[in-house]
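# What the coordinates show
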Amino acid sequence: VQLQASGGGLVQAGGSLRLSCEASGSVSAVTRMGWYRQPPGKQREMVAEVTSGRTPNYADFVKGRFTISRDNAKNAVYLQMNSLTPEDTAVFLCAARMLGRSSYEFWGQGTQVTVSS
């Protein structure tokens with residue numbers, strides 16, 4: 001499975017961005033897709049994830065601001081980010097995992113999100 005993320009950029013605090021991630025390859029076996037981020041000098045952390053047919057899961061720090069959605073017909077997952085703050089500055093990565101796996105196996109290349117104050 002290959003993942004291609006896009007949509008990052010520079011935005012002012014309070015602004016919005018929409019990230020996209022398109023999957024290709026053996027996508028029929030993918031059950032869960034998610035977004036992670038890695039702020040400068042910090043560890044990677046889960047932002048949001050979605051499994052087909054289930055309620056999405058969000059990190060506490062994005063609840064009410066970010067929305068993850070999935071389009072199975074397009075093999076894509078999206079992350080709508082609103083009310084961005086400088087603390088959201090990070091490289092955002094999309095990830096995917098197959099049925100029965102306990103961790104994400106496939107990762108995209110990352111897209112930079114920079115929020116200016």
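Refer to the preceding data block for the structure.
A brief look at the structure comes next. (Residues numbered from 1 in each chain as written. Predicted model: local features only at pLDDT ≥ 70, side-chain atom pairs only at ≥ 80, totals over all residues. Heavy atoms only, no water.)

## Some points on the packing of aromatic side chains
The full count for this structure, using the stated rule, is 3 aromatic pairs. These aromatic residues form a ring-pair network of at least three members: Tyr-36, Tyr-104 and Trp-107. When the ring centre of Tyr-78 is taken as reference, the NZ or CZ atom of Arg-18 above it lies at 4.1 Å. (Phe/Tyr/Trp six-rings, centres within 6.5 Å; stacked < 30°, edge-to-face > 60°. Lys NZ or Arg CZ within 6 Å of the ring centre and 35° of its normal.)

## Remarks on the environment of Arg-44
Here Arg-44 is to be found in the loop between strand E4 (30–38) and strand E5 (45–51). Relative accessible area serves as the criterion here: at 41%, Arg-44 is assigned to the partly exposed category. Distance from Arg-44 to Glu-105, taken between C-alpha atoms, is 15 Å for residues 61 residues apart in sequence. When near neighbours in sequence (up to four residues on either side) are disregarded, Arg-44 contacts Tyr-36, Arg-37, Gln-38, Leu-93 and Trp-107. (Helix = DSSP H or I, 4+ residues; strand = E, 2+ residues; numbered from the N terminus. Buried < 20%, exposed > 50% of the residue type's maximum accessible area, 1.4 Å probe, protein only. Contact = heavy atoms within 4.5 Å.)

## Here's the deal with the sheet that holds strand E3 (residues 17–24)
The antiparallel open sheet is built from 4 strands, whose spatial order is E1-E3-E8-E7. Each edge of the sheet is formed by a strand with only one pairing partner; in this case those strands are strand E1 (2–6) and strand E7 (66–71). Looking at each pair of strands side by side, their axes are set apart by 15 degrees on average, direction ignored. (Pairing = 2+ DSSP bridges. Axes fitted to C-alpha atoms, helices over the stretch in contact; angles between N-to-C directions.)

## Some words on the environment of Asp-71
Checked against the element boundaries, Asp-71 lands in strand E7. The exposure class of Asp-71 is partly exposed, given its relative accessible area of 24%. Between the C-alpha atoms of Asp-71 and Ser-52, which are 19 residues apart in sequence, the distance is 9.5 Å. Those residues in contact with Asp-71 that sit more than four places away from it in its chain are Ala-76 and Tyr-78.

## With respect to the nonpolar core
Of all hydrophobic cores here, the largest spans 32 residues; its most connected members are Leu-3, Trp-35, Leu-79, Met-81 and Phe-92. Looking at this core, the elements with two or more residues in it are E1, E3, E4, E5, E7, strand E8 (76–81), strand E9 (90–98) and strand E11 (111–116). Here the element with the most residues in this core is E9; it accounts for 5 residues. If sequence neighbours within four positions are ignored, Phe-92 has contacts with Leu-19, Trp-35, Tyr-36, Arg-37, Val-47, Phe-66, Leu-79, Met-81, Gly-110, Thr-111 and Val-113. (Core = buried A, V, L, I, M, F, W, Y, C linked by side-chain atoms within 4.5 Å.)

## A short note on the pattern of salt bridges
Counted under the stated rule, the structure contains 6 salt bridges. With a shortest N-O distance of 2.8 Å, Arg-37 and Asp-88 are connected by a salt bridge. With a gap of 51 residues between them, Arg-37 in strand E4 and Asp-88 in the loop between E8 and E9 connect regions that are remote in the sequence. The residue Asp-88 makes a salt bridge to Arg-65 at a minimum N-O spacing of 2.7 Å. Of this pair, Asp-88 sits in the loop between E8 and E9 while Arg-65 sits in the loop between strand E6 (57–58) and E7, and the two are 23 residues apart along the sequence. For the pair shown, Asp-88 and Arg-65 are each scored as buried. Each of Arg-37, Glu-45, Arg-65 and Asp-88 takes part in a single network of salt bridges with overlapping partners. (Salt bridge = Lys/Arg side-chain N within 4 Å of Asp/Glu carboxyl O.)

## Describing the pairing of E1
Residues Leu-3 and Ala-5 of E1 are buried on one face, while the alternating residues Gln-2, Gln-4 and Ser-6, pointing to the opposite face, are not. Sheet topology places E1 next to E3; 5 bridges connect them, and they run antiparallel. Pairing of Ala-5 across the sheet is with Cys-21, part of E3.

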